[in-house]
Amino acid sequence: LTAALSLRRRDEGEAWLSCRSPGKPTLYGSLTHRGLSTDGVPDIAASEGFVVGEVTKKSILISCPHENVSTKFLAPYTTFCRIHQKSITCLDISSGGGLGVSTSTDGTMKIWQAANGEIRRQLEGHVYDVNCCRFFPSGLVVLSGGMDAQLKIWSAEDASCVVTFKGHKGGILDTAIVDRGRNVLSCSRDGTARLWDCGKSACLGVIADCGSPINGIAVGTADNSLNLGTPEKAPSEREVGTEGKILLLAREDKKLQGVGLQSRQPVFLFVGSDAFNCCAFLSSTYILAGTQDGNIYQLDVRNTNSPIQVIHRSGAPVLSLLPYRDGFIASQGN
């Protein structure tokens, strides 16, 4: 693994720098803002051991020659400060890019314009905290799960709750949508992952019962060479798009599990260093999962005996993973 550079704002005009290299002491430094150049670009100086490269109004390139590593730090294009009053726990953007939906520890779930952060709707109906939210592929409907053990479907247009699913015995921690959304999935503190039929608002079955909270799930098309098992009984005709799919379960008991979505049969079980918080598909072959102690595992579903790589940038919990272009985006609790 290469070294990792990180940057943390200290005061206005100052920031802390650190460079972590596996097995070596961390190098610390600082950045100081010395004003603006004639063309309005910040003049920034680094302390000994670090070098400031190209600086624009939206990015700073910093290198640490001693470790032969450089990182570009990006500023946000826009910041929306008025949508929520407290920490944001989950958010999603509609497939067309026009709307955002987010949940917060302030107890609210809101739909807003992605272009300017203007609040369009407030979705009210869950009791206690809402943990997760996502748009259906249409971008007109939202799926949410809360600590009240309820899964709800909402109209993004008029904020009405169209369907409520009940059946979990504990708070819902994550959701997934199968294909275009006739079926959806949820996972819970109660240790189960369930498949639901949106049209009849009914549970089609328990996909897995782990005996340990399931913090995150992801559904994807499985590699053709993978044996997903066969269902013990013929699937309901209400099951749409479950064939050939694998469900990933990020479990609190340090296990990442793969289950055949239609067969309900276990495909693999990988034991990590700590509780798994999140998981994602990079492709039909490669998957990612993040742990509470800061590890990101990349695995090949065809052989999960040992990971392809383990990325460890800091000990902060890995909270979410998102495939992006040829790589992925990870968010951590620091």
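All of these numbers come straight from a predicted model, not from anything done at the bench.

(A) Summary view of the environment of Thr192. Along the chain, the position of Thr192 falls in strand 18 (residues 192–197). For Thr192, a relative accessible area of 7% translates into the label buried. Note: C-alpha distance between Thr192 and Ile172 (20 residues apart in sequence) is 9.6 Å. Contact partners of Thr192, with chain neighbours within four places excluded, come to His168, Ser186, Cys187, Val206, Ala208, Asp209 and Ile214. Here Asp190 takes part through its side chain, which lies 2.7 Å from a polar atom of the side chain of Thr192.

(B) Focus on the nonpolar core. Counting 25 residues, the largest nonpolar core has Phe165 and Val184 as the members making the most contacts within it. Going through the elements one at a time, strand 9 (99–104), strand 10 (109–113), strand 12 (130–135), strand 13 (141–146), strand 14 (151–155), strand 15 (161–165) and strand 16 (172–178) are the ones with two or more residues in this core. Sequence-distant contacts of Val184, that is, excluding residues within four places in its chain, are made with Phe136, Leu143, Leu151, Phe165, Ala176, Ile177, Arg194, Leu195, Trp196 and Cys198. Ranked by size, the runner-up nonpolar core spans 18 residues in total, among them Leu228, Ile287, Ala289 and Val301.

(C) Up close: the UniProt feature "repeat: WD" (unreviewed entry) in the protein. Under the local residue numbering, the UniProt record ascribes the feature "repeat: WD" (unreviewed entry) to residues 81–122, 123–164 and 165–197. Within the segment residues 81–122, helix and strand shares are 0% and 50% respectively, and the terminal C-alpha atoms sit 16 Å apart. What you have in residues 165–197 is 0% helix and 61% strand, and the ends, taken at the C-alpha atoms, are 9 Å apart.

(D) Representation of the packing of aromatic side chains. This model, assessed by the stated rule, comprises five aromatic pairs. Where Phe80 meets Trp112, the ring centres are 5.9 Å apart and the plane angle is 65 degrees; that geometry is what we call edge-to-face. Placement of the pair is Phe80 in the loop between strand 7 (69–74) and strand 8 (88–93) and Trp112 in strand 10, with a sequence separation of 32 residues. Assessed through its relative accessible area of 29%, Phe80 is described here as partly exposed. When the ring of Phe276 is compared with that of Tyr297, the centres are 5.7 Å apart and the planes differ by 55 degrees; the resulting orientation is tilted. Of this pair, Phe276 sits in strand 24 (residues 276–281) while Tyr297 sits in strand 26 (residues 295–300), and the two are 21 residues apart along the sequence.

(E) Up close: the domain arrangement of the protein. Along its sequence, the protein is carved into domain 1 (4–74) and domain 2 (88–332). A straight line from the C-alpha centre of domain 1 to that of domain 2 covers 36 Å.

(F) Structural context of the sheet that holds strand 4 (residues 42–46). With antiparallel pairing, the four strands of this open sheet are ordered in space as 1-2-3-4. The open sheet has two edge strands with one neighbour each: strand 1 (4–9) and strand 4. Taking each pair of neighbouring strands and ignoring which way they run, the sheet shows an average axis angle of 25 degrees. With four bridges joining them, strand 3 (residues 27–36) and strand 4 adopt antiparallel strand pairing. Residue His33 lies in a different strand from strand 4, and its bridge partner there is Ile44.

(G) Just the side chain of Asp197, in detail. Of note, Asp197 is situated in strand 18. Within the structure, Asp197 has its side chain in polar contact with the backbone nitrogen of Lys200 (distance 3.5 Å). When sequence neighbours within four positions are dropped, the list of residues in contact with Asp197 reads Phe165, Arg182, Asn183, Ala202, Leu204 and Arg238.

(H) Spotlight on the pattern of salt bridges. On inspection of all chains with the given rule, the structure shows eight salt bridges. For the salt bridge of Asp174 with Arg134, the shortest nitrogen-to-oxygen distance reads 3.5 Å. Separated by 40 residues along the polypeptide, Asp174 in strand 16 and Arg134 in strand 12 bring together distant segments of the chain.

(I) A look at the pairing of strand 13. In terms of residue burial, strand 13 counts as a mostly covered element, since five of its six residues are buried. Pairing geometry for strand 12 and strand 13, over five bridges, is antiparallel. The partner of Val130 across the bridge, within strand 13, is Gly146. Taking the residues between adjacent antiparallel strands as the criterion, strand 12 and strand 13 are bridged by five residues, where Gly139 takes a positive phi near 80 degrees. Note that strand 13 and strand 14 share five bridges and pair antiparallel. Bridge assignment links Leu143 to a residue of strand 14, and that residue is Ile153.

Criteria and thresholds
Residues numbered from 1 in each chain as written. Predicted model: local features only at pLDDT ≥ 70, side-chain atom pairs only at ≥ 80, totals over all residues. Heavy atoms only, no water. Helix = DSSP H or I, 4+ residues; strand = E, 2+ residues; numbered from the N terminus. Buried < 20%, exposed > 50% of the residue type's maximum accessible area, 1.4 Å probe, protein only. Contact = heavy atoms within 4.5 Å. Polar contact = N/O pair within 3.5 Å; in protein donor to acceptor, adjacent residues only side chain to side chain. Core = buried A, V, L, I, M, F, W, Y, C linked by side-chain atoms within 4.5 Å. UniProt positions renumbered as here; feature names shortened; annotations may be inferred. Phe/Tyr/Trp six-rings, centres within 6.5 Å; stacked < 30°, edge-to-face > 60°. Domains from an automatic or database assignment. Pairing = 2+ DSSP bridges. Axes fitted to C-alpha atoms, helices over the stretch in contact; angles between N-to-C directions. Salt bridge = Lys/Arg side-chain N within 4 Å of Asp/Glu carboxyl O.

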